[in-house]
Amino acid sequence: MSTNEEIIGRAEIDDLEAILAVSAADVDEAVRAVKDNADAIFTWDYEKGRRPALAKLYEKSKISMWNGETDLPWDTVVDQEQVARDNQALNGGLGDLDLSGTPFHNWKEKEWLQLGMEFQNWSLSQFMHGEQGALICTAKIVETVPWIDAKYYAATQVMDEARHVEVFAKYLDTKLNGHYPLNAHLGLLLDDIIEDSRWDMTYLGMQIMVEGLALAAFGLMHMTTPEPLLKQLLRYVMSDEARHVAFGVLSLKEYYEELTYDEIRERQEFAFEAAVRMRDRLLQQEVLARMGIDTKSAIKFVMEDEGRQLFQTMLFSKIVPNCKKLGLLDAGDGWLRTKFQELGVIQFEDLTDTSDEYEAFALGKAELGASATA
Ligand SMILES: [Fe+2]
Ligand SMILES: [Fe+2]
């Protein structure tokens with residue numbers, strides 16, 4: 001049985017020193033090389049539809065392709081400062097929060113607006129990098145998964161992820177005023193996913209954990225952003241992401257039935273590791289550093305903010321029911337359930353899992369109209 005130390009590199013989940021000690025090492029490099037350690041698998045079983053749920057996803061995917069260049073209103077003028085101001089108003093401003101003794105004590109409106117804009121730059125940058133991670137992982141799944149229906153579907157997902165990277169990059173370049181490098185915690189997670197030789201671990205790390213969190217994050221931002229272009233962009237991306245998460249759930253559900261408990265336990269530990277890495281990244285240490293304030297005391301303050309805690313836990317609203325559907329929560333002694341309790345996210349376990357709800361995210365005919373008639 002592995003300890004926290006072995007799985008996440010620290011005994012206490014909330015050890016702030018240890019979290020902040022992880023920093024991005026290669027941010028100045030033009031490329032990042034990661035060993036992918038896997039065999040490319042040919043299959044000679046070409047019978048299409050042996051896995052009907054995957055075959056259905058594949059057919060849906062083929063008719064759901066949108067075009068980021070022509071379907072999104074790129075002529076929308078985005079006033080980033082106004083967006084930050086609107087977001088702030090939506091969150092109810094600072095209210096009567098007591099900031100004395102915190103690094104924010106002498107901040108005026110100018111600094112808060114700057115923070116809001118940096119938050120946008122950071123979030124969209126991490127979305128973009130995460131999308132590239134998905135692009136690479138799905139290409140790997142095409143190579144490594146032994147089932148033809150899964151290879152077909154994963155190939156369509158590669159195309160989806162290319163479009164996602166493309167639209168986030170374009171939004172950052174043309175509508176926002178800065179970029180951030182890959183967050184170090186997200187980087188650790190992407191490396192772990194890519195380095196693992198087992199095809200199902202790529203699915204668990206990417207389709208279930210990273211994309212599950214992305215689906216929830218895009219959903220929250222879609223619901224709250226006042227900016228119409230971003231709203232529409234997220235709507236389009238989410239319609240694909242829901243399918244991607246469903247692909248993970250449907251594939252792993254079948255595969256996990258063949259595994260021994262020791263093998264399942266390794267998957268539980270990997271899911272926990274991924275959850276912690278993603279939670280660590282949400283602390284946005286790079287934003288606070290760029291604002292020129294003491295990162296540690298600022299994060300301490302931010303961690304205690306109840307609104308923020310609520311927001312962070314909501315990001316796990318897709319991951320937990322999907323892990324439950326896969327049997328990961330309660331396998332063996334219910335180890336992952338206990339870990340998700342420690343992370344404060346177990347309350348989502350009975351929400352609808354994504355394999356049951358992905359069709360609700362699909363784009364309507366009118367939304368797909370522009371590319372269909374182009
Ligand atoms: Fe994506
Ligand atoms: Fe995706």
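Residues numbered from 1 in each chain as written. Chains lettered and ligands numbered in written order. Predicted model: local features only at pLDDT ≥ 70, side-chain atom pairs only at ≥ 80, totals over all residues. Heavy atoms only, no water.

Student: What am I meant to see in the coordination of the iron ion (ligand 2) here?
Tutor: Each pair of donors in an ideal octahedron of six around a metal sits at 90 or 180 degrees, and each pair in an ideal tetrahedron of four sits at 109.5 degrees. Around the iron ion (ligand 2), the donor atoms from the protein are Glu 161 (OE), Glu 211 (OE), Glu 241 (OE) and His 244 (ND1), and they sit 1.8 to 2.2 Å away. In primary sequence terms, the donor set of the iron ion (ligand 2) follows E-x49-E-x29-E-x2-H. For the pair the iron ion (ligand 2) and the iron ion (ligand 1), the metal-to-metal distance amounts to 3.0 Å, and Glu 161 bridges them. Taken together, the residues span a long stretch of sequence, with Glu 211 in helix H8 (residues 199-224) and His 244 in helix H9 (residues 228-256) at a distance of 33 residues. Residue classification places His 244 among the buried residues on the basis of a relative accessible area of 0%. (Donors = N, O, S within 2.8 Å, 3.2 Å for Na, K, Ca; no water. Helix = DSSP H or I, 4+ residues; strand = E, 2+ residues; numbered from the N terminus. Buried < 20%, exposed > 50% of the residue type's maximum accessible area, 1.4 Å probe, protein only.)

Student: Can you walk me through the packing of H8 against helix H10 (residues 261-281) in this structure?
Tutor: For any two helices packed against each other, one specifies the inter-axial angle together with the distance between the axes. Close contact between H8 and H10 brings their axes to 10 Å; oriented N to C, the two are set at 35 degrees. Handedness of the crossing formed by H8 with H10: right-handed. Every residue of H10 that contacts H8 at Asp 200, Met 201, Leu 204, Gly 205, Met 209, Val 210 and Leu 213 is listed here: Glu 266, Arg 267, Phe 270, Ala 271, Ala 274, Ala 275, Met 278 and Arg 281. Of the residues belonging to the contact of H8 with H10, the class tally is 10 nonpolar, 1 polar and 4 charged. (Axes fitted to C-alpha atoms, helices over the stretch in contact; angles between N-to-C directions. Left-handed = near helix turned anticlockwise from the far one by under 90°. Contact = heavy atoms within 4.5 Å. Nonpolar A, V, L, I, M, F, W, Y, C, P; charged D, E, K, R; others polar.)

Student: Teacher, can you tell me more about the layout of surface pockets here?
Tutor: Empty pockets left among the atoms are what a rolling probe the size of a water molecule brings to light. What the largest pocket holds in volume is close to 1,500 Å³. What lines the largest pocket is a set of 45 residues, among which Asn 91, Phe 119, Gln 284, Arg 308 and Phe 311 lie closest to the centre. Elements with a contribution of two residues or more to the lining of the largest pocket: helix H4 (80-90), helix H5 (109-144), H8, helix H11 (285-290), helix H12 (295-304) and helix H13 (306-314). With 10 residues, the single largest contributor to the lining of the largest pocket is H5. Among the residues forming the lining of the largest pocket, the class breakdown is 29 nonpolar, 12 polar and 4 charged. (1 Å grid on protein atoms, 1.4 Å probe; cavity = no way out; pocket = protein on both sides within 12 Å on 5 of 7 lines; lining within 4 Å. Points joined across faces, edges and corners; volume = space filled by probe spheres on them.)

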